[in-house]
Amino acid sequence: MKIVFAVHHPGAFRSFEGVVRCLCQMDHDVLVLHGRREKPIAMDRALKTCVRDLANCTEEEMLLRRSWTRLANIRELVNCANYLRARHPNPSHARRWINKVRQPLRMIAKARPGMKLMASSRILHMLQSVESITPPDREITRWLEISRPDVVVASPFISPVSRELEYIKAARLLHIPTVVAVLSWDNLTTKGTFHVIPDRVFVWNDALADEAIEFHDVPQNRISVTGAPVFDFWFDMQPSMPRSEFSARMGIDAQQPYFLYLGSSPFISRDETPFVRGLAKAMLTIPETRNIRLVVRPHPTNASRWKEIDAENVTLWPKEAEYVDMPEVRQDFFNSLVYSAGVIGVNTSAMIEAAIVDRPCMTIMTAHHARTQRGVGHFHHLLAGDFLEIARSYSEACAVIAAVSGGRDLKKHQRQRFVRDFIRPGGIDIPASTIMAKAIVSAGHGGDSIQGFRPITCLNYQ
């Protein structure tokens, strides 16, 4: 089978590396199409390694729609209007998204009357109708006609100025089976929307299926649960060295317990250093936490702010930004998690990774971070999992740190249940990459009956 896998940029490939490797091991040919590497997060190391390792995996740069500007503006207006629909968890994102529309339309849409118009379902449907009467790009359609893949897979598909969207639209016209795989846990509430409905939409779990139905109008009979392939490698990892050796690498005393502070992206918290300094200072004033160290792991897109962190009980490691896309980087991250007494974070997918490694997880919920905790949809998945220790002040945080360091772990059962339900609903011992790879092949054949993979037939959501 010939499979085209279209991803927004090379960095997005790492979320599906296991899927592609599995497809290639099943003797299918995979062509990875990708956008340009325009940002550091779009690094292509994982993709280049995969192409080097696998003879039946190749890569090319995606084509860009030629007549783009007017349709791009309409699509971004639809993305903006989607945030204004009833019960959307992030309505404030509408104004943030409108900045992606070009002038002078942006100025009109940003004004109060413009925003009010976009909140109308009639206007949303009118904008959406433009897509239905606009044919796909001729060059992309011709490319697919010549290549004639058995199935086209796209992700994330709902990013701004989505190139991969055009491939799904052209494939639909040519009656080539189409699949969209949700890239991350936050995409359905913080990115755009579905301008074209593919044959199948793959989501991690039932909670994300709810979001696809309620906020993106994806028919439930097109949604399938596959689990989260991006986290598969965590389930098989073991420490690569003794704690004493690893502690020496980090520059801390091997006998001193530490909590790993997981940095968030700039979108969640632009500058976390004052917050961490306050916590570190509070820890020094309490006997039970005075000898516990904070090891800060910066988010790779927000690492520069940590250069000047100078608290006496804080260690920055790694000191440079690291993207978890290669085996040696994954191993270092795993070691830092597994040897920690627990982890602390504001709102980051690294807390999901900590849960998989079975480390106690804590967050501090204060007014300072209210907008990017309870104010965004994906954080509610963590709250619904009920595996977080929640503190609402530095003193409460110190109490939790002391208790967890002393061996208290009241959330272990909830943490393990969250991992099972949110990450591997097809079976805790079944890699999601295997499930998704088989589901892609099945979609190419027009079916969906395989172990661990299940269409959504009945969902209950508020």
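Residues numbered from 1 in each chain as written. Predicted model: local features only at pLDDT ≥ 70, side-chain atom pairs only at ≥ 80, totals over all residues. Heavy atoms only, no water.

Engineer: How should the overall build of the chain be read in this particular structure?
Structural biologist: Within the chain, the secondary structure is distributed over 19 helices and 14 strands. Scaling as 2.2 N^0.38, a compact globule of 462 residues should have a C-alpha radius of gyration of about 23 Å, and the chain matches this with 23 Å. Here the C-alpha coordinates of the chain stretch approximately 70 × 55 × 40 Å along the principal axes. Considering the chain as a whole, with its 462 residues, one finds that 58% of them fall into the buried category. Within the chain, residue pairs in contact and separated by at least 24 positions form 71% of the contacts whose partners lie at least 6 positions apart. Here the chain displays about 19600 Å² of accessible surface, and carbon together with sulfur accounts for 51% of that area. (Helix = DSSP H or I, 4+ residues; strand = E, 2+ residues; numbered from the N terminus. Rg over C-alpha atoms; globule rule 2.2 N^0.38 Å. Buried < 20%, exposed > 50% of the residue type's maximum accessible area, 1.4 Å probe, protein only. Contact = heavy atoms within 4.5 Å. Areas by Shrake-Rupley, 256 points an atom, 1.4 Å probe, with all protein chains shown as cover.)

Engineer: Help me understand the pattern of salt bridges, please; the structure alone is not making it clear to me.
Structural biologist: A side chain with one charge can pair with a side chain of the opposite charge if their charged atoms come near. Tallying each qualifying case throughout the model produces 25 salt bridges. The partner of Arg 52 in a salt bridge is Asp 53, with the nearest N and O atoms 3.5 Å apart. Using a relative accessible area of 64% as the deciding quantity, one classes Arg 52 as exposed. (Salt bridge = Lys/Arg side-chain N within 4 Å of Asp/Glu carboxyl O.)

Engineer: Got a minute to help me understand the side chain of His 28 in this structure?
Structural biologist: One can find His 28 in the loop between α1 (17-25) and β2 (29-34). For His 28, a relative accessible area of 11% corresponds to the buried category.

Engineer: Whenever I open this one, the layout of surface pockets confuses me. Can you help?
Structural biologist: Empty space among the atoms becomes apparent when a probe as large as a water molecule is rolled across them. Empty space within the second largest pocket amounts to approximately 560 Å³. Ala 207, Asp 210, Glu 211, His 381 and Ala 384 are the residues nearest the centre of the second largest pocket, which is lined by 20 residues in total. Going through the elements one at a time, α11 (206-216), α16 (379-385) and α18 (412-423) are the ones with two or more residues in the lining of the second largest pocket. By residue number, the principal contributor to the lining of the second largest pocket is α11, which donates 6 residues. When the residues that make up the lining of the second largest pocket are grouped by side-chain class, the tally is 7 nonpolar, 6 polar and 7 charged. (1 Å grid on protein atoms, 1.4 Å probe; cavity = no way out; pocket = protein on both sides within 12 Å on 5 of 7 lines; lining within 4 Å. Points joined across faces, edges and corners; volume = space filled by probe spheres on them. Nonpolar A, V, L, I, M, F, W, Y, C, P; charged D, E, K, R; others polar.)

Engineer: What's the story with empty space enclosed by the protein in this structure? I'm lost.
Structural biologist: Enumeration according to the criterion identifies 2 cavities of 30 Å³ or more in this entry. If you go around the largest cavity, you meet 12 residues; those closest to its centre are Arg 75, Glu 76, Ser 159, Ser 162 and His 195. With 3 residues, the top contributor of residues to the lining of the largest cavity is helix α3 (residues 69-82). A class-by-class count of the residues in the lining of the largest cavity yields 6 nonpolar, 4 polar and 2 charged.

Engineer: Is there a simple way to explain the packing of α1 against helix α19 (residues 432-444) in this structure?
Structural biologist: For any two helices packed against each other, the geometry comes down to the angle between their axes and how far apart the axes lie. The geometry of α1 relative to α19 is characterised by a closest axis approach of 8 Å and an angle of 60° between their N-to-C directions. Taken as axis vectors, α1 and α19 run oblique relative to one another. Note that α1 runs across α19; the crossing there is right-handed. Across the interface between the two elements, Gly 18, Val 19, Cys 22 and Leu 23 of α1 pack against Ser 433, Thr 434, Met 436, Ala 437, Ile 440 and Val 441 of α19. (Axes fitted to C-alpha atoms, helices over the stretch in contact; angles between N-to-C directions. Parallel < 35°, antiparallel > 145°, perpendicular 65-115°, else oblique. Left-handed = near helix turned anticlockwise from the far one by under 90°.)

Engineer: Would you mind going over the environment of Gly 192 with me for this structure?
Structural biologist: Topologically, Gly 192 is positioned in the loop between α10 (187-190) and β6 (200-203). Residue class for Gly 192 comes out buried when judged on its relative accessible area of 2%.

Engineer: What exactly am I supposed to notice about the pairing of β2 here?
Structural biologist: Each regular strand displays side chains that alternate between the two surfaces of the sheet. Counting buried positions over the 6 residues of β2 gives 5, a clear majority of the element. You can see the chain leave strand β1 (residues 2-7), run along α1 and come back into β2, and the turn it takes is right-handed. (Right-handed = clockwise from strand over helix to strand, strands pointing away.)

Engineer: Is there a simple way to explain the packing of aromatic side chains in this structure?
Structural biologist: Aromatic rings in a pair are described by how distant their centres are and how their planes are angled relative to each other. Taken as a whole, this structure holds 16 aromatic pairs when the rule is applied. Measuring from centroid to centroid gives 6.5 Å for Tyr 261 and Phe 275, while their planes differ by 55°, and the two rings are tilted. Here Phe 275 lies in helix α13 (residues 273-284) and Tyr 261 lies in strand β8 (residues 258-262), a separation of 14 residues in the sequence. Given a relative accessible area of 0%, Tyr 261 falls into the buried group. Take Phe 275: its relative accessible area is 11%, and that puts it in the buried class. (Phe/Tyr/Trp six-rings, centres within 6.5 Å; stacked < 30°, edge-to-face > 60°.)

Engineer: Before we go on, may I ask you to explain helix α17 (residues 394-405) in this structure?
Structural biologist: Each α-helix turn comprises 3.6 residues. Residues three or four places apart therefore point the same way. Along its 12 residues, α17 runs 16 Å from first to last C-alpha, staying within 8% of the 16 Å computed at 1.5 Å per residue. All buried positions along α17 are accounted for by Ala 397, Cys 398, Val 400, Ile 401 and Val 404. All buried residues of α17 project into a common sector of 165° when viewed along the axis, lining one side. Contact partners of the buried residues in α17: β8, α13, β11 (342-345), β12 (361-364) and β13 (388-391). (Expected span 1.5 Å × (residues − 1). Arc of directions from axis to C-beta.)

Engineer: What am I meant to see in the environment of Gly 385 here?
Structural biologist: Take Gly 385: it is sitting in helix α16. For the pair Gly 385 and Met 351, spaced 34 residues apart in the sequence, the C-alpha separation amounts to 12 Å. Ignoring sequence-local partners within four residues, the contact set of Gly 385 consists of Gln 414, Arg 417 and Phe 418.

Engineer: When you look at the sheet that holds β8 in this model, what are you seeing that I'm missing?
Structural biologist: The pairing of strands in a sheet comes from backbone hydrogen bonds and takes either a parallel or an antiparallel form. Spatially, the 6 strands line up as an open sheet ordered β10-β9-β8-β11-β12-β13, and their pairing is parallel. Each edge of the open sheet carries a strand with a single partner, namely β10 (314-316) and β13. Going across the sheet, the axis of each strand differs from the next one's by a mean of 30°, ignoring polarity. Each of β8, β9 (293-297), β10, β11 and β12 is contacted by α13, which is oriented at about 165° to β9, the strand it contacts most. (Pairing = 2+ DSSP bridges.)

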